[in-house]
Amino acid sequence: WSDFCQTFCRAGVILRMRKFIAMTISSTVIVFLFFSCASPTEQGTGEQAGPETAVDSVLLSRYPDSIALRLKLSSFYESRGDISGALRVITSGIERDSLQPITWNRKASLLLSMQDTTGAIGSLLRSLTINPDQTDILLELGFIYADRRDPAAIAVAERILAPEGDPRFHTEAYYLKGIYLGNIGRYAEAIQSYDGAIRSSYTFTDAYIEKGILLFDQGKIADALGVFEKVLTVNNSLADGYYWRGRCHESSGRKTAALEDFRRALSLDPNLKGAHEGEMRLSK
């Protein structure tokens, strides 16, 4: 993740949340396509994708109410980087039938990839109006609110944590509260929320990482180190855990231990920019 020590804008968290939100919203689309369309071996790849997509376009013009075809064609455009084309396919479907939550969720995912969070919120709200029992979608709406520092994030979390809420999402709801509270500078309360997520699910490593980063950013290096040590007992293949433990070691003058952790992080995630920078810094 990004280096957070100089600022508390939490840009890395926000970027990761946006990717997570888009992936989660798209998961229902993927499931829908799996049961509605041909298998990957039947669909073809590479050079076959173009002709097949032309066929899909023809089929969609013949069967314009087919959600499966519309989602499939939209996914192809997105895979080629044509987000606008993907959005046009979905939007035209919504114009034909505006009562399908899956198409509103798909539209939200595409708008998020275009960084249009206002549009994504509107699409998710429409989807939830049609089917209020989509707790996963409600949760992702909450993460967008947290990204925008909107107190509606807390309302979403509390709704999920209420007695009538879905207990399967309690861990993520506590985590959502932590993200929002951290974003607005209420660090002690954010840490309490991360602790709630950890109590709810001992293996939810994102809560450990975020808690440790908050402590690190406040200069509580020993406390942060304890958190990162703990998360690495939960998952000893967590690149972020080694990176942040390395940051703690470096801040405490243990350069050899820090360098070892940065290198271990890179062995697990070669694209971890902070670990690359740390290794270069300590290898001089």
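Residues numbered from 1 in each chain as written. Predicted model: local features only at pLDDT ≥ 70, side-chain atom pairs only at ≥ 80, totals over all residues. Heavy atoms only, no water.

### A few points about the packing of helix α10 (residues 170–183) against helix α11 (residues 187–200)
Here is step 1 of the chain: The interhelical angle for the contact between α10 and α11, taken along N-to-C directions, is 165 degrees, at an axis separation of 8 Å. In terms of their interaxial angle, α10 and α11 are classed as roughly antiparallel. Crossing of α10 over α11 shows left-handed handedness. Of the residues in α11, those touching α10 at His170, Thr171, Tyr174, Tyr175, Lys177, Gly178, Ile179, Leu181 and Gly182 are Tyr187, Glu189, Ala190, Ser193, Tyr194, Gly196, Ala197 and Ser200.
Here is step 2 of the chain: Class assignment of the residues belonging to the contact of α10 with α11 gives a composition of 8 nonpolar, 7 polar and 2 charged. (Axes fitted to C-alpha atoms, helices over the stretch in contact; angles between N-to-C directions. Helix = DSSP H or I, 4+ residues; strand = E, 2+ residues; numbered from the N terminus. Parallel < 35°, antiparallel > 145°, perpendicular 65-115°, else oblique. Left-handed = near helix turned anticlockwise from the far one by under 90°. Contact = heavy atoms within 4.5 Å. Nonpolar A, V, L, I, M, F, W, Y, C, P; charged D, E, K, R; others polar.)

### A short note on the packing of aromatic side chains
Here is step 1 of the chain: A complete count under the given rule lists 9 aromatic pairs for this structure.
Here is step 2 of the chain: Aromatic pair Tyr202 and Tyr208: ring centres 6.3 Å apart, planes at 90 degrees, arrangement edge-to-face.
Here is step 3 of the chain: Note on Tyr202: relative accessible area 45%, which makes it partly exposed.
Here is step 4 of the chain: Given the relative accessible area of 3%, Tyr208 is considered buried.
Here is step 5 of the chain: Through pairs of rings, three or more aromatic residues link up here, namely Phe216, Phe228, Tyr243, Trp244 and Phe262. (Phe/Tyr/Trp six-rings, centres within 6.5 Å; stacked < 30°, edge-to-face > 60°. Buried < 20%, exposed > 50% of the residue type's maximum accessible area, 1.4 Å probe, protein only.)

### Let's talk about the confidence of the model for the protein
Here is step 1 of the chain: Per-residue confidence for the protein averages 85 on the pLDDT scale, and 79% of its residues sit at or above 70.
Here is step 2 of the chain: Contacts for the low-pLDDT stretch residues 1–16, under 50 throughout, to residues beyond four places or in other chains number 43 contacts. (pLDDT = per-residue confidence, 0-100.)

### Notes on the nonpolar core
Here is step 1 of the chain: In this structure, Tyr175 and Leu176 are the most contacted members of the largest nonpolar core, which totals 71 residues.
Here is step 2 of the chain: Broken down by element, the residue count for this core peaks at 8 residues, all from helix α8 (residues 135–147).
Here is step 3 of the chain: Filtering out sequence-adjacent residues up to four positions away, Leu176 remains in contact with Leu139, Gly142, Phe143, Ala146, Ala153, Val156 and Ala157. (Core = buried A, V, L, I, M, F, W, Y, C linked by side-chain atoms within 4.5 Å.)

### Some points on the pattern of salt bridges
Here is step 1 of the chain: The tally for this structure, following the rule as stated, stands at 10 salt bridges.
Here is step 2 of the chain: Taking the shortest distance from any N to any O, the salt bridge between Lys211 and Asp195 comes out at 2.7 Å. Of this pair, Lys211 sits in helix α12 (residues 205–217) while Asp195 sits in helix α11, and the two are 16 residues apart along the sequence.
Here is step 3 of the chain: Of the residues examined, Asp195 reaches a relative accessible area of 22% and is grouped as partly exposed.
Here is step 4 of the chain: With a shortest N-O distance of 2.7 Å, Glu250 and Arg281 are connected by a salt bridge. Taken together, the positions of Glu250 in helix α14 (residues 239–251) and Arg281 in helix α16 (residues 273–283) put the pair 31 residues apart, joining distant regions of the chain. (Salt bridge = Lys/Arg side-chain N within 4 Å of Asp/Glu carboxyl O.)

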